[in-house]
Structures are given as C-alpha cells and as structure tokens.
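Structure assessment
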Amino acid sequence: MNTIRQVPSRVKSRRSETNLGAEREHFDKQQLSSISKAINSTETPVKEKHARRIILGTHREKGAYTFWSYAIGLPLSSSTILSWKFCHVLHKVLRDGHPNSLQDCMRYYSNIAETGILWGNLRDRYGYGQLVALYTKLLCSKLEFHTKHPDIPPNLEATDEVLERTAGADINNVFQLTVEVFDYMDVELRLAESVLRQLNTSIAISTLTAGQCKLAPLIQVIQDCSHLYHYSVKLLFKLHACLPADTLQGHRERFHDQFHSLKTFFNKARDMQYFKRLIQIPRLPDSPPNFLRASALAEHVKPMVVIPDDVEPEEQEEDEPEPLIDVSEAPPASMASQPQVDIFDQAFGPPNNGFDDRDLQIENLKKEIELLRAELEKIKAEAQRYITQLKSQINSLEAELEEQRVQKQRALVENEQLRMELEATRSRNAEHESIQSTFVEAEKRAQATELRYNKLKEKHAELVANHAELLRKSADTVKMLSATQQTQEEVARTKQQLAFEVERVKQESDMKVEEQKFEMDKLKRLLEEKIGEIQRIKDTLQTCEKTGEQMNTSMTSLQAEKERLMRCVSEKEAELSALRQAAQLKESSLVQERERSSKELGELQGKLKEKISREELLQKKLLEEQFALLQGTVAEAEMIIQDAVAKLDDPLHIRCTSSPDYLVSRAEATLGSIDKVQEGHAHYLKNMGDAGALLRALAQFSHLTADTIINGSATAHMAPTDHADRLTENCRGCASQSLRFLEELKSKASLKRADPASIRVMVQKILRIAQDLRPKGMDVGKDELGDMVDKEMAATSAAIEEAVRRIDEMMNQARRDTEGVKLEVNERILNSCTDLMKAIRLLILSSTDLQKEIVESGRGAATVKEFYARNSRWTEGLISAAKAVGWGATQMVDSADKVVLHTGKYEELIVCSHEIAASTAQLVAASKVKADRGSKKLSSLQQASRHVNEMAANVVASTKTGQEQIEDKDTMDFSGMSLIKLKKEEMESQVKVLELETMLENERLRLGELRKKHYEIAGAPLEQLSQDNGLHAPSPTAPSSPKSSKPALMKKPALAQKPNIPPKNMFR
C-alpha cells in the first residue's frame, strides 16, 4: 500500500525525463547568456561571475564543447575588443576549466591562429589589433606546450616531482624542455610589455574601464609567469649539475634577460591600483640566482601569487536579471493561502467525489523543486566561493610549505656538516688510540735503541781515530792542490765530502742520546713522527756500520786519487796559462775593432745626415717645380676656356653651326677627359712629386671642354628655341664650373677638395640635349620586323647546330692528337660543352613553341607580322636575346677550341659559360613577359633554362678540374739561399704582390666602367622611344654604326638594346 510520503518520489520519477531536458535547455541558455555578456564589443573588463559560470559549465559537461559551439559563431573579425575579450575568456577556460577543455580547444587551434594573423596585419584606433595578435600567439604556445607535456596542467600548478618526471633522466630532454619554457615565458612577457606600453601606469588610467579592459588578462599572465620562473630556475640548476658552464652560457644570458623583464613587469603591476584589490603579486629577489654555485638552489624561494578573498561583490545587471540567482527565500503567498487538507483526503480522495487535490500537490511539488533548485544554485555559488577561498589558503600553505622546504634543505646542509665533523672527531679518536698503542711500542723500541747506542759509541771511538788520520792527510792534500783555483775547488770539494762524511758520522754518533731524549718528548706530542724517526735511526745505524767498513777501503783509493790529482794540477796549470794569453790577445783585438767601428759609424752618420738634408732640398725643389708647372698648365687651361666662353657672345660666331652627332662625340670625349683628370688629380695628391698625368689630363680637358662649349653654342644656332636656350645655359654653366675647378687647383689649400663632379653633371646635360636633338629615323616595315624574329631564331638554331658539329670535330681531333691526362681533361670539357649546346638547342625549341603560343593567343584577327609590329618592344627583346644566345654559343666553341689546342685560357671558357647562362635568362625573361602564367610551354621553357644553368655549371666545374690537373705547381725550395738572398727575394715578392694588387684594382675599375658604359648604351634607345612604341631606321644623314655591317652571330648585342636591323641579303 502506498503511503503519503511516497507521493513526491513517485511524481519525481514520473517527470524525470522532462526535468532533464529542461535542465539541459536551462544550462544552454545560461551558458549562451554568460558567453554573450562576457564576450562583447564593449570596452569593459570581463566580469568574474560570467567567466565563473562558463568555467563551471566546462566542469559540468567535462569539456568545452558547449563553449566552442557558441564561441565559433562570434564575429571575431568585426571587432578587436570582441577578439580581445574572447582571448581573455579562453585563457581563463584553459587555466581553470575542466582538463578535457585542452583537447577541445586544440581542435580550434587554426581558428585562434587565423584571428591573430588577421588583426596582426590590420590597425585599429583602440590599439587592440597588435595585442590580439600577441594574445593569440600566447594561447597557441600554451596549447602546444601542454599538449606536448600533458603531465603539466594548463594552470601550471605542478609539483617539483611532476616537473622532474616530465624532464626525465635524459639531459637532452631537460635541455629541450628548458628552451620550451623560455619560449613560453617570452610570449607571456611580450604580451605584458605591449599592454603596459599602451597604458599609462597612473592610477587614473588603471581605474577606468577602458584601461581595465586591457589590464584584466594580465592577472592570468602573472599567475603563469610565477610558475614558469620557478620551472626555469629548477631546470637550469639541473642542467648546470650535468653540463659544463660554458655550454649553458646562452641559457644564463636568456634567463637574465627574462628575469629583469619579469621583475620590471611585476614592479609596474604592483604599483597599479587595479591589481591591488585583485591579486597579491610576489616580489622577486634583487639579483638572479647564481647557477654556477649549486648551494644557491637552497636560497631560491618559489614566488607565490595569492588571490585575496575579499573581492568586491559584483553589481547586479539591470537589463536582464539572472534566473535562479535572485530568488527570495520567503514562501510564495499562493502556498500560504492554500487550505490545509486532511491526510485521509490526500490518500483516498475527498468525500462525495469532490475535488481531487493531487494536481494541487503536483503544483506544490513543482514549486518546491524550483525553490530547492534555487537553493542548490546558492549552495553551488557558496561552494565555489569556498573553493576560491580554499585555493587562496592552499596557495598560502604552499608558500609556507616552500619556506619549510627551504629550511629543510638548509637543515640538511647543516646536518651534513655536523655529520662530517662527527666523522672527523671519530677518526681523530681512533687515531689517538692507535697513537697510544704505538707509544707503548715506541718505548720498548727506545730501550732496544739504547743498547744499540752503546755499541755505536764504541764504533764512534774508532771513527774518531780514523778521522784524525784523515785530517792530517787532507791537510797535506790541500797544500799540494793550492796551485790553481780550479784545482783548489776540486780538492776542497773532495775534502768537504770526506769531512762531511766523517762529521756526519761523528754528529750522528754524538747526537744519538739527545735525539733519543728529544724523540721521547716528541712522541708524547706527535707519536706518528716518532715512528718515522725511529725507522730513520735504524737505517742510519745500518749505513754507519757499512760506512765503517767502506772507510778502510776508501783510504787506499784516496792515496791513488791524490797522485792522479797531482798530475791533473800540473796539466791544468799549463792549460790555464795558455788560455790567459789567448784571452789577453783577444781582448786587445776587440778593443781596437770597437774603436775603429765607432769612428766609421760616426763618419757614416754624418754622411747620412748630409744626404738626407740634400734629398729634402731636392724633394722640396721638385714639389715647387711640379706645382709651378701645374699653375702654368692651369693658367693656360683657363685662357682656353675663357676664349671659348668669349665666343658664345661673339656676333661673328652666330653664323657657325654644328651637328648634334658631332656635339655628342665631343661631349663623350670630354667626359672621358674628366675621368682622366680625376685619376691624375688623385695620383698627384698621393705623389706630389709627379704631376705629369694631371698636366696631360688638364691639357686634354681644357681643349675638349672648350671644343664642347663652342660646338654646343654652334648647335644651339640650329636648334629650337627651348633646346637652344637650355643648351647655351648649360654651356655657360660648364664653363663656370670648369673655371671654378681650375681656380681651386691654383691654391695648395683648396687643391685637395677640388672635384670635377659638377663639370661632369653639366657635360652630361649637354650630352642629353644633343641626343634629343638627333634626327629620328624612319619606321621599319612590318614585314621586316616579323621576318627578323624568325630569321634570328633560325640563325641561332643554326649557330647551335654548327657549334655541336665543331665540338664533335674537336673531340675526334683531341682523341687523335692527345692521350693520358690531357685526353681525359679535353674529353670531359668537350662533353660538358656538348651537353650545354644540347640544352641550349632544347631551350631555343621551347622558346619558339612558347613564342608561337603567345602570338596565336594574342594576335586575334590580326596577322603574325602585325602582332610583331604592334608589340615592337617585346619583339626587340626576343631578337636581342636570340642574338646573345647565338653569340655566346659561338664564343664558347672558339674558347673550347683554343683550350683543347692549348692556345687559350681556361678562364675564357668559364666566362663564356657565365655569359651563356645570362643570355638564356634574358631569353626566358623576354619570352615570359607576354606568356600566360599557367602555360605548360612556359613551364617547359623554365625547366629548359634551369637545365642550361646546370650544364653551364658543369662546364665551369669541368674546366676548373681540368685546369687543376693540367697546371703544375712549382715546389718552392729555399734551402740553398742565404739570409740576404732570402730578404732580397722577399722584397721582390712584396713588390710583385703590390703590382698585381694594383693591376687587379685597375682591372676591376675598368670592368665596372665597361659595364656602366654597356648599360648606358643599352638604355639609350629606351629613352629615345619613351613616347613611341615603333622601330626607327637610322637617319640617312647620321653616320652608320659599324655594328650593322657585321653578321648577327659574330658579335654580342647589348642587353635590352634596340637591335640594328641588317640588310635582308645578310642572311641569304
């Protein structure tokens, strides 16, 4: 039978599925509301209650699926503030959310990175763009680090044991983990520095909502940095314990930079009013830890970040009240007003089939459930607050625990020191006991030593008698050996040795008693020294016994030695007298030689001074004469230029005319003379005694400049008014600049700063005006331009075929005439040349195919010749490139023929290879201008160009290898040369080195000028055709170019130059 108490449970089971669906719907609405309120475009900080509800949602569903399902639809690309607050909330979710949130966030790694890249390339007025880019880099780094090291949680609150387990025992893993922690710290500090750089650290800015919006994420950055700093210190101490200090120098420098940056960041944040009520920032030590001292690890204290409990309550929002939060605890009035029904009626229904109150009970139970749910939410909020308080208490307890660990390590160090002292004390006690036992044994040995001493005393009496006899014999020996000092030293040494032996034996015998007494006293203090002394006494006694026996035999040997020494004394006296005489003669000759040398040295010094003074006078006179010649030449040059200037205003000169072509030739010659003047001026400044080059250059310069001025004025008489005025003005400017330059050459003070650069500028202006005044030619016919492309390509192909044929002939000839190493070198070079020619032929074919494709796709309804005429610039480029390729192939064959016949240089072949590579690049560039990027023929042409470059490189490598095999290097043998000869050869070698260096520098300058002139000539037609896209034939009145009279394949055309069109009969 069911009781009344079972009714609520029965109703609850009946409605369970409906309640679960309602709870899920309510949870989704709550999460959506919290996400929309936390992440918006309003410049205010994220409220803690909204972030807390999002974090609790991740713990409820054990992941961040719901968060990302709503966050992925946010318009992050529309607002930087929205993106900034999204990064802040995501950072909180990673730190405090469920552990599975890391895997859910990793699925959207690319979305986070793309948001950072987007705002990193854009600029906004609030300054959030760069901050969002840095924040996304931080989040990406955080995801990568914790995915790679899953043992370390995203909030970085891992113990030292977990860090040790993650690092492992392999030092390479520790090294890599340290680098990753450094990179992690770098992105954290970079974000913090960028935020603080945009904000003023004053209290006013940090208390505004705009400033707080940027400062709020730094709380999580501070929490991360405190743990990363601790990890860095632990890992670096571990590395220094296993690796040498020099290897970790870069790690220490990087840590020091991060330490100072982190300390600056903490100090600035600690001074801000915003952080004072939200977080307690730790203080770092004044100086970084000393990793070279292992004991410094005990001094390290882990920085602890504490979140205070007394956080100000957040204000309630008025626009949309939160459900299940603001619920009154008083029961509703409807329940109070309901009538109390009888229990019997509740069980069996009302009498007389009245109103059934079960529906009323269901309604009451629903309301109770709502009340209970509200209370549950309050309990959860209270539990979360308790959790926050407990976390802060845990942080403080961890700080205390860290201090206890430090004290424990210090106690362990002190305990180790005490243990070592205890071991030392025990060892000293053991030594003391051993010394006591040794002392007893030493007393017994001392008694035995006294007995031996008595015997030794008797032996001593015998030795005293022997000693007296030896003293007498020694005195006799001293008298006989007193002739020379050297012999006396030998005898005295022998005497001292004998006396030392006798005295030593005597002293040892006399001092035994005293030594024994001293040893007895000493044993009481240091018994170990006594044992050694007793052993030494035993050895001494044994040697004394042996010495007594040896003394008897030594007496007989001393007698024989005495006779031998007497003979040696006489011989030494004779040698000494002879040496003294020779020394006296040598000394007298040295004195005379020294006097003679001093006299000669004085005379030579006087002559040298006279010669130096005479050379100084001659040098001064030479400088004066050279400067006088320069002044005369300058005065003459001034007169020539002044005469030319005077003709500009001469009425008789108005009838004189000149052609622009002649003016161009005069202006170009003047530019060349200016270069010579510069060279002569530089040479004269280096060597003031040689002004010949400058004088010759000035004479030529003055005549050419005057000629240019006169012909410029004459050309102006036939030119239009605008050009005539500019030409005359430039001629006068050229004259004034020339006179100014010559005026500076007159004075020694202004001689060094004289520079003809301004003259060059004026002459170049005259040259440009003269080129503009040249008459324009007639247009080339369309048929000729179209045919020329085909003819040039055909001629290039024919030149390649001819080159291949000639290389085959050279190969056969080399096989007949050479053998051995030379044959191997020639075959290698000719084979590489053949491969290069084949590659060039393939390039020409690919270029022809691409050219046809370009013409067919671009001509439309026009003919091929009309297409070429319409695109004349492109056609000119093709013609020039084709000529360059054909010319390069011909030159390579000629150079290879000379190398095989040993009449040429290997360097010529190398230069030809480089030139061919450059020409093919020009051909590819000319063909690529109008080609479609997706064209397969263009790809084949580029592949052929790369193949040509590879074959050219093979030619160069083969040539260099063959050169090294053929050329023999002479061995340098200087063994037969004297010092003077070697010095002379060294000076000649230095002179040759200086000459070669000078020649190399001059040749490089010449190469630079040739290239400059080449590019100037190549660019000249482009200036003339700046307003016209057609081709112009040369004027009938203009002098014909010598290049047009040569075949097209026998010369190298200028790069990008309008080709000179030869007559049609040249290709027939």
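Residues numbered from 1 in each chain as written. Predicted model: local features only at pLDDT ≥ 70, side-chain atom pairs only at ≥ 80, totals over all residues. Heavy atoms only, no water.

When you go through the protein residue by residue, the secondary structure sums to 33 helices and 0 strands. Looking at the 1068 residues of the protein, the share that counts as buried comes to 37%. Contacts in the protein between residues far apart in sequence, at least 24 positions, make up 79% of those at least 6 positions apart. Summed over all atoms, the accessible surface of the protein reaches about 63400 Å², with 54% contributed by carbon and sulfur. (Helix = DSSP H or I, 4+ residues; strand = E, 2+ residues; numbered from the N terminus. Buried < 20%, exposed > 50% of the residue type's maximum accessible area, 1.4 Å probe, protein only. Contact = heavy atoms within 4.5 Å. Areas by Shrake-Rupley, 256 points an atom, 1.4 Å probe, with all protein chains shown as cover.)

Moving on, we come to a nonpolar patch on the surface. Together, Tyr-386, Leu-390 and Ile-394 give the surface a local cluster of nonpolar side chains, amounting to about 300 Å² of exposed area. Along the chain, the position of Leu-390 falls in helix α18 (residues 358-480). (Patch = residues over 30% accessible without salt bridge, like charges linked within 9 Å, V, L, I, M, F, W, Y side chains within 5 Å. Salt bridge = Lys/Arg side-chain N within 4 Å of Asp/Glu carboxyl O.)

Positioned with a positive phi, Lys-62 is a non-glycine residue whose angle comes to about 55°. Secondary-structure assignment places Lys-62 in the loop between α3 (48-61) and α4 (65-71). The backbone phi angle of Leu-156 is positive, close to 65°, even though this residue is not glycine. You can see Leu-156 is positioned in the loop between α8 (128-148) and α9 (160-167). Taking relative accessible area as the criterion, Leu-156 reaches 0% and is therefore assigned buried.

What follows concerns the packing of aromatic side chains. In the structure shown here, the tally under the stated rule is 13 aromatic pairs. Centroid distance Trp-68 to Tyr-108: 4.4 Å. Interplanar angle 10°. Geometry classified as stacked. Taken together, the positions of Trp-68 in helix α4 and Tyr-108 in the loop between α6 (101-106) and α7 (109-120) put the pair 40 residues apart, joining distant regions of the chain. Residue classification places Trp-68 among the buried residues on the basis of a relative accessible area of 2%. (Phe/Tyr/Trp six-rings, centres within 6.5 Å; stacked < 30°, edge-to-face > 60°.)

One finds Phe-67, Phe-86, Phe-265 and Phe-275 to be the most contacted residues of the largest nonpolar core, which totals 87 residues. Broken down by element, the residue count for this core peaks at 13 residues, all from helix α13 (residues 218-242). In this structure, Phe-67 is in contact with Ile-35, Ile-39, Ile-54, Glu-61, Phe-86, Val-89 and Leu-90, ignoring residues within four places of it in sequence. By size, the runner-up hydrophobic cluster in this structure holds 53 residues, among which are Val-789, Ala-839, Leu-878 and Ala-882. (Core = buried A, V, L, I, M, F, W, Y, C linked by side-chain atoms within 4.5 Å.)

The next thing to look at is the packing of α13 against helix α14 (residues 249-271). Here α13 crosses α14 at 150°, and the two axes come no closer than 11 Å. If you check the angle between α13 and α14, you find them roughly antiparallel. The handedness of the crossing between α13 and α14 comes out as left-handed. Listed contacts from α14 to Leu-218, Val-221, Ile-222, Cys-225, Ser-226, Tyr-229, Ser-232, Val-233, Leu-236, Leu-239 and His-240 of α13 are His-251, Arg-252, Phe-255, Phe-259, Leu-262, Phe-265, Phe-266 and Ala-269. Tallied by class, residues from the contact of α13 with α14 come to 14 nonpolar, 4 polar and 1 charged. (Axes fitted to C-alpha atoms, helices over the stretch in contact; angles between N-to-C directions. Parallel < 35°, antiparallel > 145°, perpendicular 65-115°, else oblique. Left-handed = near helix turned anticlockwise from the far one by under 90°. Nonpolar A, V, L, I, M, F, W, Y, C, P; charged D, E, K, R; others polar.)

A few words now on helix α23 (residues 692-716). An ideal rise of 1.5 Å per residue puts 36 Å on 25 residues; α23 measures up with 36 Å between its terminal C-alpha atoms. Burial within α23 is extensive, with 18 of its 25 residues counted as buried. (Expected span 1.5 Å × (residues − 1).)

Glancing now at the pattern of salt bridges. Counting across every chain of the model gives 38 salt bridges. We note a salt bridge from Glu-416 to Arg-419, for which the minimum N-O separation is 2.3 Å. Of the two residues, Glu-416 and Arg-419 both sit in helix α18, 3 residues apart, roughly one turn of that helix. Across the pair Lys-746 and Glu-638 runs a salt bridge whose closest N-O atoms are separated by 2.6 Å. Taken together, the positions of Lys-746 in helix α24 (residues 721-746) and Glu-638 in helix α21 (residues 527-648) put the pair 108 residues apart, joining distant regions of the chain. Assessed through its relative accessible area of 30%, Lys-746 is described here as partly exposed.

Tracing the backbone through its elements, the reader meets Asn-395 in helix α18. The class of Asn-395 is buried, set by a relative accessible area of 12%. Residues Asn-395 and Val-305, 90 residues apart in the sequence, show an inter-C-alpha distance of 7.3 Å.

Bringing the state of the cysteines into the picture now. Under the definition given, this model contains 0 disulfides. For Cys-87, which is in no disulfide, the shortest distance to another cysteine sulfur is to Cys-140 and amounts to 9.0 Å. Judged by its relative accessible area of 1%, Cys-87 is buried. (Disulfide = S-S within 2.5 Å.)

This part covers the environment of Asn-812. For Asn-812, the position within the fold is in helix α27 (residues 782-817). Taking the C-alpha atoms as reference, Asn-812 lies 9.5 Å from Glu-827; in sequence the two are 15 residues apart.

Two numbers describe how α24 lies on helix α26 (residues 757-772): the axes approach to 8 Å, and their chain directions differ by 160°. Here α24 lies roughly antiparallel to α26, going by the angle between them. The hand of the α24/α26 crossing is left-handed. Touching His-723, Arg-726, Leu-727, Asn-730, Cys-731, Gly-733, Cys-734, Gln-737, Ser-738 and Phe-741 of α24 are Ser-758, Ile-759, Met-762, Val-763, Lys-765, Ile-766, Ile-769 and Asp-772, all from α26. In terms of residue class, the contact of α24 with α26 is built from 9 nonpolar, 6 polar and 3 charged.

With that out of the way, let us pick up α9. Residues of α9 that are buried include every one of Asp-160, Val-162, Leu-163, Thr-166 and Ala-167, and no others. Seen from one end, α9 has its buried residues packed into an arc of 160°, which puts them on one side. Just past α9, the residue Gly-168 takes up positive phi, approximately 80°. (Arc of directions from axis to C-beta.)

Further remarks concern the confidence of the model for the protein. Confidence along the protein averages 78 in pLDDT terms, with 80% of residues attaining 70 or more. Residue range residues 351-355 is modelled with pLDDT below 50. Its contacts to residues more than four positions away, or to other chains, number 2 contacts. This model gives residues 1019-1068 a pLDDT under 50, and the stretch forms 91 contacts once residues within four places in sequence are excluded. (pLDDT = per-residue confidence, 0-100.)

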